[in-house]
Amino acid sequence: MPDLIIRQFPCRSDNYGVLVHEPVNKLTAAIDTPDPAPIRAELAAQGWALTHIFTTHHHGDHTAGHIALKSETGCKIIAPEKEAGKIPDVDVNVSEGSAFDFGGHQVRVIEMPGHTAGHVTYWLPDDGVAFVGDTLFSLGCGRLFEGDGPTMWASLQKLMMLPPETLVYCGHEYSKANAAFALSVEPGNAMLQQRAKEIDELRAKNAATVPFTIAAELSQNPFLRPDSLEIQQHLGMSGHPLATIFTELRRLKNAF
Ligand code: ZN
Ligand code: FE
């Protein structure tokens, strides 16, 4: 089976648009619709017709193009059932454990409450990719708008259990600011220091730091590392429950 073709491109100020193309049946899914114009432009550049929208959560910078793109293309909108009233023109509601076929590629839905109450990740296990919206960022995680720290920590733990080589596509380019915070709480992490340098080099060229692997995040992202002795010592929370340490990291990041 030919591989999926994945195209990522900047949208708005710091969002990413993503198109996933399945070449045999000529299916094309947009992961969220931050802005219809760059999505139309990428579809035209590739010669692809939009057939699906996979919605991660209801925020406007993830659903802004839903109505226009559906009316132009007749595409099918897939969205989390728990946010059904907040996302326009939904065709298919999905929830924890939902699975569907995308031209021979399995798509699995994992609920990830925290950033929003009904946020979902779309995981394609055979393709080794996950579309996580605003749950996990490179060296960061989403703000807690509709969930508390323990809820988000439980969601992130689901991502931590995916195969380490999984390629993660997220909703925003936040890596540079995230790296600065990460270094502030775990300055002795050599892999993190190296990653921060790579991020600086990429951003100096205006290049994307996304996608990234689960493995890299496990070794460098402080929000997946509340068990790090250095982070625990830095926070003065040695031996505290991991969910409590995670919650404190999220609070510190908000104020950073
Ligand atoms: Zn959001
Ligand atoms: Fe967002």
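1. Quick notes on the coordination of the zinc ion (ligand 1)
Six octahedral donors at a metal ideally form angles of 90 or 180 degrees, and four tetrahedral donors ideally form angles of 109.5 degrees.
Working step 1: With distances of 2.2 to 2.3 Å, the protein atoms coordinating the zinc ion (ligand 1) are His-57 (NE2), His-59 (ND1), His-115 (NE2) and Asp-134 (OD).
Working step 2: For the zinc ion (ligand 1), the 4 donor atoms are set out with angles of 84 to 172° between them, so the coordination reads as irregular.
Working step 3: Taken as an interatomic distance, the gap from the zinc ion (ligand 1) to the iron ion (ligand 2) is 3.1 Å; Asp-134 donates to each of them. Taken together, the residues His-59 in the loop between β4 (52–54) and α2 (60–63) and Asp-134 in the loop between β10 (129–133) and β11 (136–137) connect sequence positions 75 residues apart.

2. Things to note about the pattern of salt bridges
Working step 1: Inspection of every chain in the model, using the stated rule, returns 10 salt bridges.
Working step 2: Across the pair Lys-82 and Glu-111 runs a salt bridge whose closest N-O atoms are separated by 2.9 Å. Placement of Lys-82 in the loop between β5 (76–80) and β6 (92–94) and of Glu-111 in strand β8 (residues 105–111) is noted, with a sequence separation of 29 residues between them.
Working step 3: The partner of Arg-195 in a salt bridge is Glu-217, and the shortest N-O contact between them spans 2.6 Å.

3. Topic: the coordination of the iron ion (ligand 2)
Working step 1: Distances from the iron ion (ligand 2) to its protein donors, namely Asp-61 (OD), His-62 (NE2), Asp-134 (OD) and His-172 (NE2), fall within the range 2.1 to 2.3 Å.
Working step 2: Coordination at the iron ion (ligand 2) is irregular, judged from the 4 donor atoms that bind it and the angles of 85 to 170° they form at the metal.
Working step 3: Summarised as a motif, the one-chain spacing of the donors to the iron ion (ligand 2) is D-H-x71-D-x37-H.
Working step 4: Judged by relative accessible area, which is 4%, His-172 ranks as buried.

4. A word on the sheet that holds β8
Working step 1: Reading across from one edge, β7-β8-β9-β10-β13-β14 is the order of the 6 strands in this open sheet, with mixed pairing throughout. The open sheet has two edge strands with one neighbour each: β7 (99–102) and β14 (212–213).
Working step 2: Relative to strand β9 (residues 120–124), β8 runs antiparallel, the two being bridged by 4 bridges. Bridged to Val-109 within β9 is Tyr-122.

5. Side note on the nonpolar core
Working step 1: Of all hydrophobic cores here, the largest spans 29 residues; its most connected members are Leu-136, Leu-156, Leu-159 and Leu-249.
Working step 2: Listed by contribution, the elements that provide at least two residues to this core are β10, β11, α4 (149–160), β13 (167–170), α5 (175–185), α8 (229–235) and α9 (242–255).
Working step 3: For Leu-136, the contacting residues outside a window of four places in its chain are Cys-141, Leu-156, Leu-159, Val-168, Cys-170, Phe-212, Ile-214, Glu-217, Asn-221 and Leu-224.
Working step 4: Of all hydrophobic cores here, the second largest spans 19 residues; its members include Leu-27, Ala-29, Val-109 and Tyr-169.

6. So, helix α6 (residues 190–204)
Residues three or four positions apart in an α-helix share a direction because the helix packs 3.6 residues into each turn.
Working step 1: The first and last C-alpha atoms of α6 sit 21 Å apart over 15 residues, in line with the 21 Å expected at 1.5 Å per residue.
Working step 2: Among the residues of α6, Leu-192, Arg-195, Ala-196 and Ile-199 are the ones counted as buried. Along the long axis of α6, the arc covered by the buried residues comes to 105°, so they all point the same way. Along α6, the residues that are exposed and aim more than 90 degrees away from the buried face are Ala-190, Lys-197, Glu-201 and Ala-204.

7. Overview of the environment of Glu-230
Working step 1: One can find Glu-230 in helix α8.
Working step 2: A relative accessible area of 29% places Glu-230 in the partly exposed class.
Working step 3: For the pair Glu-230 and Thr-166, spaced 64 residues apart in the sequence, the C-alpha separation amounts to 26 Å.
Working step 4: Among residues more than four places away in sequence, those in contact with Glu-230 are Val-185, Glu-186, Pro-187, Gly-188 and Asn-189.

8. Digging into the sheet that holds β5
Working step 1: Reading across the sheet, the 6 strands line up as β1-β2-β3-β4-β5-β6 and stay open at both edges, with mixed pairing between neighbours. The two strands at the open ends of the sheet, each matched to only one other strand, are β1 (5–11) and β6. The sheet shows a mean angle of 20° between the axes of neighbouring strands, direction not considered.
Working step 2: Here strand β2 (residues 15–22) pairs with strand β3 (residues 27–31) via 5 bridges, running antiparallel. In the sheet register, His-21 faces β3, and the bridge partner there is Thr-28.
Working step 3: Contacting β1, β2 and β3, helix α1 (residues 36–46) crosses the sheet at an angle of about 145° to β1.

Parameters and conventions
- Residues numbered from 1 in each chain as written.
- Chains lettered and ligands numbered in written order.
- Predicted model: local features only at pLDDT ≥ 70, side-chain atom pairs only at ≥ 80, totals over all residues.
- Heavy atoms only, no water.
- Donors = N, O, S within 2.8 Å, 3.2 Å for Na, K, Ca; no water.
- Tetrahedral: all angles 85-135°; square planar, octahedral: opposite > 155°, others 65-115°.
- Helix = DSSP H or I, 4+ residues; strand = E, 2+ residues; numbered from the N terminus.
- Salt bridge = Lys/Arg side-chain N within 4 Å of Asp/Glu carboxyl O.
- Buried < 20%, exposed > 50% of the residue type's maximum accessible area, 1.4 Å probe, protein only.
- Pairing = 2+ DSSP bridges.
- Core = buried A, V, L, I, M, F, W, Y, C linked by side-chain atoms within 4.5 Å.
- Contact = heavy atoms within 4.5 Å.
- Expected span 1.5 Å × (residues − 1).
- Arc of directions from axis to C-beta.
- Axes fitted to C-alpha atoms, helices over the stretch in contact; angles between N-to-C directions.

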